[in-house]
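Listed here are the chains, written in short residue letters.
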Amino acid sequence: MTTESPSPTEQQQFYLDGFSRLIAGLKEDGDDAQMFEYLRDALQTRPELILPIIEGSIQRAGATLGQQRRGGSSATLYYPIEAAIKYLAKQNGFFSDGRDPLTSSSWNLSEVMDFLEKFKTEIIDTAGSKTTAKNLPQRAVQMMWLLDQTSQIKPSKPYVFIELGASNGLVLDAFRQPTQFKQWYARQPSAQLSQQVPFGEKLTLPLYPTMGLDIAAPDMDWNFVNILDEGIREEVRDFVSIFPERSNIIIGDARNVRQITEVSSLMSTSYPSTPIVISCFMLYQVPQPARDELQQSVREFLKTQGGGLFIKTDIAKYMGRPEMAGGALSWIENEQGDIVSPTIMLRGKTISQCDIVSEDL
């Protein structure tokens, strides 16, 4: 028996429901939802304009990135489209009066509709060929704190940091120079709103080897358009200016981490360093069964290196905790998949604040 494709009305309602969930979640977190509200309004009044863009970006992501967005989260579906509009507006000088296209308040609904009509093909191509890339160096804070709580981490030992879905590698850049990162973070406005607790105390070396993997080429402008909060965007701009040397990012599939030549070379040149793999808001973009394959691949890689750690940070339901709707969790696993750190619930615009959920030590 064949399954009929949903009618345009059903299809439209499916995406409207997704926008409603995403907008509600953004507002609950205090993030800017304005552009997504414009897109929802466009979908309600001009479905023939925006439905082909949504569908086209899904098909392009499947063909270009091997990413199956249709069964993923609302963020996976809509973040790339919202970012593509701002990104292309900046590149094409859409505003001639000096307004910043990266700022949602610069736009009105009429201008969004006009942009969708004029740049339909470009939006599909950009949204479908780039992954969500809200890469905030501040996210390293809670990961460094978790490492401090883990008995496997010894201040005197060397480590290599490898991030999956690394985008521009800004989180990696924080791990690359942890002492300098802590000094930078202490000066940032977002740090004043966070818990004043020590972090990164066990990362005592001045420089650590780093490497990132991503399925799409990193682009700093793309990273900036994915940051919805203007204040946080300015902090990241400052970080980029203070840490101008980017970590090396390799284009590759994280499910094949053991077979990637550059990763093997990094481990050889860094011997006897212990690998620490990072996955920060990347698992939610990977549907099953690929998500399980990816995590198993990381464990097998760590085993071939004689052991290591896997820092996992993501939306709770993609971390196997569907009952914690809307929350984000973080913890550390060893090469066997055993949790070897506290489990923490994340808070704040840069998820630098946390509450301990359980002491899984």
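Shown above is the structure to which this text applies.
Worth saying up front: this structure is predicted, and the values here are computed from it rather than measured.

Asker: Got a sec to walk through the pairing of strand β8 (residues 353-358)? Specific residues and values, please.
Answerer: For strand β7 (residues 343-347) and β8, the ladder comprises five bridges, and the chain directions are antiparallel. Bridge assignment links threonine 343 to a residue of β8, and that residue is serine 358. Hairpin connection of β7 to β8: five residues between the antiparallel strands, including glycine 348 at a positive phi of 90°.

Asker: Can you explain the pattern of salt bridges? Please cite residues and give values.
Answerer: Applying the stated criterion to the full structure yields 22 salt bridges. Between aspartate 125 and arginine 60 there is a salt bridge whose closest N-O contact spans 2.6 Å. Residue aspartate 125 is located in helix α6 (residues 120-129), and its partner arginine 60 is located in helix α3 (residues 47-65); the two are separated by 65 residues in the primary sequence. Between glutamate 111 and arginine 99 there is a salt bridge, with the nearest N and O atoms lying 2.9 Å from each other. Of this pair, glutamate 111 sits in helix α5 (residues 109-118) while arginine 99 sits in the loop between α4 (74-91) and α5, and the two are twelve residues apart along the sequence.

Asker: A description of the packing of aromatic side chains should follow, citing residues and the corresponding values.
Answerer: Considering all chains together, one arrives at 22 aromatic pairs under this definition. Note on phenylalanine 181 and phenylalanine 199: the rings are 6.2 Å apart at their centroids and 65° apart in plane angle, and the pair reads as edge-to-face. Placement of the pair is phenylalanine 181 in helix α9 (residues 178-186) and phenylalanine 199 in the loop between α10 (189-192) and β2 (210-214), with a sequence separation of 18 residues. The residues phenylalanine 181 and phenylalanine 199 share a single accessibility class, namely buried. Just above the ring of phenylalanine 224 sits the side chain of arginine 237; from NZ or CZ to the centre is 4.2 Å.

Asker: Mind laying out the side chain of asparagine 135, listing which residues take part and the relevant values?
Answerer: Considering the arrangement of structural elements, one finds asparagine 135 in the loop between α6 and α7 (140-149). The class for asparagine 135 is buried, based on a relative accessible area of 5%. Among the polar contacts made by the side chain of asparagine 135, one reaches the main-chain amide nitrogen of glycine 169 at a distance of 3.5 Å. Engagement of the side chain of asparagine 135 in a polar contact is seen with the backbone nitrogen of leucine 170, the distance being 2.6 Å.

Asker: For the nonpolar core, give the residues involved together with the corresponding values.
Answerer: Ranked by size, the top nonpolar core spans 92 residues in total, and within it Ile123, Leu147, Phe161, Phe175 and Phe181 carry the most contacts. Sorting elements by how many residues they give to this core places α4 first, with eleven residues. Residues within four places of phenylalanine 181 in sequence aside, it is in contact with Pro137, Gln138, Ala140, Val141, Met144, Ala174, Phe199, Phe239 and Phe243.

Asker: Explain unusual backbone geometry residue by residue, including any values.
Answerer: A cis amide bond links tyrosine 271 to the next residue, proline 272, at an omega of 10°. With respect to the helices and strands, the residue proline 272 is situated in the loop between α13 (261-269) and β4 (274-280). Non-glycine residue serine 167 carries a positive phi angle of around 55°. The residue serine 167 is located in the loop between β1 (159-164) and α8 (170-176) in this model. Since its relative accessible area comes to 8%, serine 167 is described here as buried. Even without being glycine, isoleucine 351 reaches a positive phi, approximately 45°. With respect to the helices and strands, isoleucine 351 occurs in the loop between β7 and β8.

Asker: A description of the packing of α3 against α4 should follow, citing residues and the corresponding values.
Answerer: Across the interface, α3 lies against α4 with an axial gap of 10 Å and an inter-helix angle of 105°. Considered as vectors, α3 and α4 are oriented roughly perpendicular to each other. On α4, the residues that touch Ile53, Ile54, Ser57 and Ile58 of α3 are Leu77, Tyr78 and Ile81. Along the lines of polarity and charge, the residues of the contact of α3 with α4 split into six nonpolar, one polar and no charged.

Asker: Which residues make up the sheet that holds β1, and what values go with them?
Answerer: The strand order across the open sheet formed by eight strands is β3-β2-β1-β4-β5-β6-β7-β8, and the pairing between neighbours is mixed. At either end of the open sheet lies a strand with only one pairing partner, and these are β3 (248-251) and β8. Adjacent strand axes in the sheet meet at a mean angle of 20°, parallel and antiparallel pairs treated alike. Where strand β6 (residues 328-334) and β7 come together, two bridges link them in antiparallel fashion. Following the sheet pairing, leucine 329 is matched in β7 by methionine 345. Together, β1, β4, β5 (309-315) and β6 form the strand contacts of helix α14 (residues 290-304), whose direction differs from that of β5 by roughly 160°.

Cut-offs applied
Residues numbered from 1 in each chain as written. Predicted model: local features only at pLDDT ≥ 70, side-chain atom pairs only at ≥ 80, totals over all residues. Heavy atoms only, no water. Pairing = 2+ DSSP bridges. Helix = DSSP H or I, 4+ residues; strand = E, 2+ residues; numbered from the N terminus. Salt bridge = Lys/Arg side-chain N within 4 Å of Asp/Glu carboxyl O. Phe/Tyr/Trp six-rings, centres within 6.5 Å; stacked < 30°, edge-to-face > 60°. Buried < 20%, exposed > 50% of the residue type's maximum accessible area, 1.4 Å probe, protein only. Lys NZ or Arg CZ within 6 Å of the ring centre and 35° of its normal. Polar contact = N/O pair within 3.5 Å; in protein donor to acceptor, adjacent residues only side chain to side chain. Core = buried A, V, L, I, M, F, W, Y, C linked by side-chain atoms within 4.5 Å. Contact = heavy atoms within 4.5 Å. Axes fitted to C-alpha atoms, helices over the stretch in contact; angles between N-to-C directions. Parallel < 35°, antiparallel > 145°, perpendicular 65-115°, else oblique. Nonpolar A, V, L, I, M, F, W, Y, C, P; charged D, E, K, R; others polar.

It is worth stressing that arrangement in space is one thing and function is another; only the former is reported here.
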